[in-house]
Each structure stands twice: as C-alpha cells, then as structure tokens.
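The residues making up each chain are set out below.
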Amino acid sequence: MSKGFPETRTDAAMSELVPEPRPKPAVPMKPVSINSNLLGYIGIDTIIEQMRKKTMKTGFDFNIMVVGQSGLGKSTLVNTLFKSQVSRKASSWNREEKIPKTVEIKAIGHVIEEGGVKMKLTVIDTPGFGDQINNENCWEPIEKYINEQYEKFLKEEVNIARKKRIPDTRVHCCLYFISPTGHSLRPLDLEFMKHLSKVVNIIPVIAKADTMTLEEKSEFKQRQESMPFAVVGSDKEYQVNGKRVLGRKTPWGIIEVENLNHCEFALLRDFVIRTHLQDLKEVTHNIHYETYRAKRLNDNGGLPPVSVDTEESHDSNP
Ligand code: GDP
Ligand code: MG
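Chains are numbered independently. Their residues run from 1 in the order of the written sequence. Chains carry letters from A onward and ligands carry numbers from 1 onward, assigned in written order. Given that the model is predicted, a residue must reach a pLDDT of at least 70 before its local features are reported, and side-chain atom pairs must reach 80 or more before they are shown or counted; all residues, however, enter totals for whole chains, interfaces and linings. With hydrogens and water stripped out, all remaining heavy atoms of the structure feed into the side-chain values.

Enquirer: Help me out: how do you make sense of the site of ligand 1 in this one?
Expert: Taken together, 16 residues surround ligand 1, and among them Gly-71, Lys-74, Ser-75, Thr-76 and Asp-210 come closest. With respect to ligand 1, the side chain of Thr-76 contributes an N or O atom lying 2.5 Å from an oxygen atom. The separation between a nitrogen atom of ligand 1 and a polar side-chain atom of Asp-210 is 2.8 Å. Only the protein chains shown count as covering a residue, and every accessible area follows the Shrake-Rupley method with a 1.4 Å probe. When the free accessible area of ligand 1 is taken as 580 Å², the share hidden by the protein chains comes to 79%. By convention in these notes, a residue is near a molecule or strand provided one of its non-hydrogen atoms lies within 4 Å of it. Pairs of N or O atoms are called polar contacts if they sit within 3.5 Å, as long as, within protein, a hydrogen donor faces a hydrogen acceptor (for residues adjacent in sequence, only side-chain-to-side-chain pairs).

Following this line, the structure appears as structure tokens:
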C-alpha cells in the first residue's frame, strides 16, 4: 500500500489538472422508476420510521427567548404555550422594588414529554429589557448573549475531538413583546428588531391584547405591514361550556386564550410549535449561525477560533 502511495497521489494531482474525458454512459442518466411489484418489497418506506425512532431516542432541543418590558406577560405566555410552569412568574414584582440595572439573562431548562416525544426546552428570560429611563443600546446584552451561544457552538464544531452531538444552546426563536398601550411601535421596538433580526428569528407579539379596545387593535393592524400576533396569556383554567380552558376571568366574562374569536394565541402556538419549530431551528443553523460562522472564520483569516476564553468576554461596565 505504502509503495503505491506517491504514484496514486501524482495521478490524483494530474487528473485534477487535465480532466480525462469521461465516456458517455450508454444509458441516459435518468432515474428509472422500478416496478417494485416485480422485485418484491425492498423496505424503503421504513426509513421514516427509522428516523422517527432515532429522534424519539435522542430527543431534541428547542431554545426560546422572551424579550420585553417587565410585566408584559412574558412568563405567563411561555407557560401558556407549554401548558406548564416552564417560566417563573414575577408574582411579587413590584415597581418600588429594585429594578435591575442591566438586562440579566437567565436560561432555565426543562424536559417536556408528550406522546413519547421528549423535548428539552430552554426558556431564556431577559428581565429588565427596556425598563430604564434611558434605554439606548439596551439590545446589546441580548445580542451579545445570542452571539456567545454561536461562539460556543463554533468552538465545539472546530474541536478536533468534537462531540458527536454538540449541545445546542443557540436561540432558535425570540418572542418580542410589544406593549399594548403604545398604539404603535416605539423607537425602542424598532431598534431592537432592526439589530436583532440579523442574528435571530424574531416573532413580534402584542402582549395582553385583552387590554386593547377593538379600535386600538384595528388601528395597530393598519399601521403594521404584517400584524404581530395579538395574544393573551394565562395559566388559570376555567370551565366554559363543559370544557376546561385556559383563560382570564373578567367582570364581562372569560377570555379564552385558545379561542380565535378572543385573541391570536392559537395562531402563535401553531406557528411556533406545530408548524414551524423545525423551520426555526433550520433557519437558526443555516442562516444565522452560518452568517456568524463565516464572519468569525473570515476575521480569523480562515482559521478556526483558538483560545477557549477570549478577552472580549471580560468587558468592563462603565
Ligand atoms: P413578565 O414580567 O413579562 O414576565 O410578566 P408576567 O408574566 O409575570 O405577568 C405580569 C402580570 O400581568 C401578572 O399579574 C399576570 O397575571 C398579568 N398578565 C399576564 N398575561 C396577561 C394578559 O395576557 N392579559 C392581562 N390582562 N394580564 C396578563
Ligand atoms: Mg417574567
């Protein structure tokens, strides 16, 4: 084997320079549909089942971030989406209490199981966003967090002894909460979406839509090209027409969160979980992460990042 090695290499190098004309195939290269009845059952259709079993065994990750001012109902909505206490509500939240000076980002992981499918759900809460008087550049710590997760993934990916399955902490989806009282987007909302839509999938939602009048809602709708989902969240159950529903009790009746006549929560839920969860993950990987990766490797002259702990991460606050 080793004797023939240099020759083989020359051959390979030569053939790269002067490509040999390939003989034309006798049969046109067209996929031919084979009558499987003639040949009997092959078993190609079991591939789906094999893939399903594998996914069931390994489970999968989904990381969702919530951003918006305190008290807009972020924690409640995440709990409503997953119908469990996956996000801690700031029940004792009180304006007089200390308002966090900077955005403090917390990631809490949960394992949710339904129909034998396990999902490792991580909720990334960003309390303190937009809570200050001067909110200039307050999207920066959030962008930094998102990029740090890409960096972690990249480091694992370029590792010589890389893991078979790289732990995925990248933010797959960011729910951005718009205040229902503003009547339109504030400069802060625009700034956030302008900067962050380059690095993460953003889904804007109008929080606490039950506090808006129908006029306010339609006014909002007219101002925006595509209406953000106007949602209501709740983790309280009520009995309505013999059915148990998640809702909010008001003096005028129960607002059912999953009733499309009441709000667009069901549309949001279907989009995030039932129809686009895999898409959100793919866009994160193929577009947002890929952009980060290309830029990072480019900055480094095509080389993978080296040091595990960079100086940049120790920035000092003025
Ligand atoms: P967060 O600070 O954004 O996480 O907000 P929370 O989820 O802790 O909710 C703050 C308060 O708003 C709580 O008293 C909730 O019960 C209430 N809340 C949450 N969602 C809604 C909603 O859709 N409509 C109304 N009217 N109140 C809500
Ligand atoms: Mg909260």
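Read on for the rest.
Enquirer: It is not clear to me how the pattern of salt bridges should be interpreted in this structure. Could you clarify?
Expert: A side chain with one charge can pair with a side chain of the opposite charge if their charged atoms come near. Each salt bridge in this description consists of a side-chain nitrogen of Lys or Arg and a carboxyl oxygen of Asp or Glu lying within 4 Å of one another. According to the stated counting rule, one finds 16 salt bridges in the structure shown. Here Glu-157 makes a salt bridge to Arg-293, at a shortest N to O gap of 3.2 Å. Of this pair, Glu-157 sits in helix α5 (residues 140-158) while Arg-293 sits in helix α9 (residues 277-299), placing them 136 residues apart in sequence. Residue classification places Arg-293 among the partly exposed residues on the basis of a relative accessible area of 26%. Starting at the N terminus, helices and strands are each numbered in turn, a helix being any DSSP run of H or I of at least four residues and a strand any DSSP run of E of at least two. For every residue, the accessible area obtained with a 1.4 Å probe (protein chains only) is divided by the maximum for its type, and the residue is called buried under 20%, exposed over 50%, and partly exposed between those limits.

Enquirer: Please clarify how the packing of aromatic side chains should be interpreted in this entry.
Expert: What describes a pair of aromatic rings is the distance from one ring centre to the other and the angle between the planes of the rings. Geometry of aromatic contacts follows a simple scheme: Phe, Tyr and Trp rings, the Trp one being its six-membered ring, pair when their centres are within 6.5 Å, and the pair is stacked under 30 degrees between planes, edge-to-face over 60, tilted otherwise. Tallying each qualifying case throughout the model produces seven aromatic pairs. With a centroid separation of 6.0 Å and 80 degrees between ring planes, the pair formed by Phe-129 and Tyr-176 is classed as edge-to-face. Here Phe-129 is found in the loop between β3 (117-125) and α5, whereas its partner Tyr-176 is found in strand β4 (residues 173-178), with 47 residues between them in sequence. Take Phe-129 and Tyr-176: they sit in the same class, and that class is buried. Members of the aromatic cluster, each reached through a chain of ring pairs, are Tyr-150, Phe-153, Tyr-289 and Tyr-292. The criterion for a charge sitting over a ring is simple: Lys NZ or Arg CZ within 6 Å of the ring centre, and within 35 degrees of the ring normal. Just above the ring of Tyr-289 sits the side chain of Arg-170; from NZ or CZ to the centre is 4.9 Å.

Enquirer: I'm lost on the sheet that holds strand β8 (residues 243-250) in this one. Help?
Expert: Whether parallel or antiparallel, the strands of a sheet pair through hydrogen bonds between backbone atoms. Here, any two strands with at least 2 DSSP bridges between them count as paired. Ordered in space as β7-β8-β9, the three strands form an open sheet in which the pairing is antiparallel. Lying at the two open borders of the sheet, with one neighbouring strand each, are β7 (237-240) and β9 (253-256). Ignoring strand direction, the axes of neighbouring strands in this sheet form an average angle of 65 degrees. Of the strand pairs in this sheet, β7 and β8 are connected by four bridges, and their pairing is antiparallel. Bridge pairing in β8 places Glu-237 opposite Leu-246. Between the N-to-C directions of two axes lies an angle of 0 to 180 degrees, each axis being a line fitted to C-alpha atoms and, for a helix, fitted only over the stretch in contact.

Enquirer: Is there a simple way to think about the pairing of strand β2 (residues 106-114) in this case?
Expert: With nine bridges connecting them, β2 and β3 associate as antiparallel partners. Directly across from Ile-108, in β3, lies its bridge partner Val-123. The antiparallel pairing of β2 with β3 creates a hairpin that spans two residues between the two strands, and Gly-115 there sits at a positive phi of about 55 degrees.

Enquirer: Help me out: how do you make sense of the side chain of Lys-74 in this one?
Expert: Tracing the chain through its elements places Lys-74 in helix α4 (residues 74-82). Although Lys-74 lies buried, it forms no salt bridge, and the closest oppositely charged side chain, Asp-125, sits 5.1 Å away as judged by the N-O distance. In this tally Asp and Glu are treated as negative and Lys and Arg as positive; neither His nor the chain ends contributes.

Enquirer: What should I look at first to understand the pairing of β3 in this one?
Expert: For a regular strand, the rule is simple: side chains alternate between the two faces of the sheet. Across seven bridges, the pairing between strand β1 (residues 60-67) and β3 is parallel. Bridge pairing in β3 links Asn-63 to Thr-122.

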